[in-house]
Amino acid sequence: MSNETTLPANGVQRTFAVLRALAAAPAQGTRVTQIAKDIGLTQGTTHRLLQSLVNEGMVEQDERSKLYRLGMDLFSLAARAGNGWDMRALCRPVLLRLCGSLGDTMFLLVRSRFDAVCVDRVDGPFPIRAFTGDIGGRVALGVGQGALAILAFLPEAERDEVIRYNLPRIREFGVFDEVYLRTEIERVRQNGYAARNAGLLDGMAGLAVPIFDCSGQIVAALSIGTLTSRLSDDRLPTVVQILKREADALSKRINPFDPALRRPMHVPDAARDAAGESA
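Conventions we followed
Residues numbered from 1 in each chain as written. Predicted model: local features only at pLDDT ≥ 70, side-chain atom pairs only at ≥ 80, totals over all residues. Heavy atoms only, no water. Core = buried A, V, L, I, M, F, W, Y, C linked by side-chain atoms within 4.5 Å. Buried < 20%, exposed > 50% of the residue type's maximum accessible area, 1.4 Å probe, protein only. Helix = DSSP H or I, 4+ residues; strand = E, 2+ residues; numbered from the N terminus. Contact = heavy atoms within 4.5 Å. Phe/Tyr/Trp six-rings, centres within 6.5 Å; stacked < 30°, edge-to-face > 60°. Pairing = 2+ DSSP bridges. Axes fitted to C-alpha atoms, helices over the stretch in contact; angles between N-to-C directions. Polar contact = N/O pair within 3.5 Å; in protein donor to acceptor, adjacent residues only side chain to side chain. Expected span 1.5 Å × (residues − 1). Salt bridge = Lys/Arg side-chain N within 4 Å of Asp/Glu carboxyl O.

Caption draft 1: Layout of the nonpolar core. By size, the foremost hydrophobic cluster in this structure holds 32 residues, and its most contacted members are L98, M106, L108, L207, I211, L222 and L243. For this core, the secondary structure elements donating two or more residues are α5 (87–102), β3 (105–112), β4 (115–122), β7 (204–212), β8 (218–227) and α9 (236–251). Per element, the largest residue contribution to this core is eight residues, and it comes from α5. In this structure L108 touches M87, R88, C91, L95, V117, C118, V119, D120, I211, A220 and A221, once residues within four positions along its chain are discounted. Formed by 31 residues, the second largest nonpolar core is a distinct cluster that contains A116, L167, F176 and L181.

This is the structure:
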């Protein structure tokens, strides 16, 4: 027997019950029968609500599988809600502050499928080289400290998929095989940061900490690029503590629907100009 009568008759509340059920469903979507079961409505009522949401672009239905999932128009609305605190604008003062206090180059990296993309950079006084290069540059997840920090904190199944895809891409660096990469990932997960003093770029050192959104999902990395001599064993704990403190504060304020997280490959010219990056 249906427990539909125990739910509020308010159509708005029922509509949001459907949306929340879809948000909790697998990424590929779910069937109307499962949604109805999850929220305690009849299949007919649930189907009518879903069709209304489809008509508004808030929900999509796959033509082949007939599965329902949240639509892009809904994500667009959520993204607009986060525009007042978009991640790049939110993190920019942190990068400037860290660059000024530490005297090293700071990077903000976000994930783009199997890569990490540099969406902001503030240069310190020391000339350095980095895998991502300037704003808009990208590198395979797992290469470099920022990309490794992002990879390490992905959900396990997703992380495995990225590793399988990226291993052939990163073998050109010479030291990477699956055992090495998984060992590094485990070290990062245990320590809460990625650091290397003698890396693949001669004379360069790096350190990165993960940044999560307010729902706890990994979205970015706060990374420092510097000279090997400036990331000694004595200095490392202090830098880690400072970066972690800033990353933790940012994580509480990042909107999961930030446009910079959904389309990081499109870095606005204004962001490049604001960075004041050196040639």
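Moving on, there is more to tell.
Caption draft 2: Structural context of the packing of aromatic side chains. Tallied over the full model, the rule gives two aromatic pairs. Judged by centre distance (3.9 Å) and plane angle (20 degrees), the ring pair of F114 and Y165 falls under stacked. Of this pair, F114 sits in the loop between β3 and β4 while Y165 sits in helix α7 (residues 156–170); the two residues are 51 residues apart in sequence, bridging distant segments of the chain. For Y165, a relative accessible area of 45% puts it in the partly exposed group.

Caption draft 3: How the structure looks around the pairing of β3. Of all eight residues in β3, seven are buried; the element is thus mostly enclosed. In this structure, β3 lies alongside β4, joined through seven bridges in antiparallel fashion. Bridge pairing in β4 places S112 opposite D115. Counted between consecutive antiparallel strands, the loop separating β3 from β4 contains two residues, among which R113 sits at a positive phi close to 55 degrees.

Caption draft 4: How the structure looks around the sheet that holds strand β6 (residues 194–196). The six strands are arranged β5-β4-β3-β8-β7-β6 in an open sheet whose pairing can be described as antiparallel. Only two strands of the sheet have a single neighbouring strand rather than two, namely β5 (138–140) and β6. Each strand axis lies, on average, 25 degrees off the axis of its neighbour in the sheet, ignoring direction.

Caption draft 5: Up close: the side chain of D115. As for its position among the elements, D115 is in strand β4. What makes D115 buried here is its relative accessible area of 9%. Of note is the side chain of D115, whose polar atom sits 3.1 Å from the side chain of R138. Of note is the side chain of D115, whose polar atom sits 2.9 Å from the side chain of R169. Beyond its immediate sequence surroundings of up to four residues, D115 is in contact with V110, R138, V139, A140, L141 and R169.

Caption draft 6: Local environment of α5. Here α5 is 16 residues long and its end C-alpha atoms lie 22 Å apart, about the 22 Å a rise of 1.5 Å per residue gives. Positioned one or two residues after α5, G103 has a phi angle of 75 degrees, which is positive.

Caption draft 7: Looking closely at the pattern of salt bridges. Scanning the model with the defined rule gives 12 salt bridges in all. A salt bridge links R92 to D120; the shortest N-O distance between them is 2.8 Å. Remark: D120 occurs in strand β4 and R92 occurs in helix α5; sequence separation between them is 28 residues. Of the two residues, R92 and D120, both sit in the buried class. In this structure, a network of salt bridges that share partners links the residues D104, R230 and R235.

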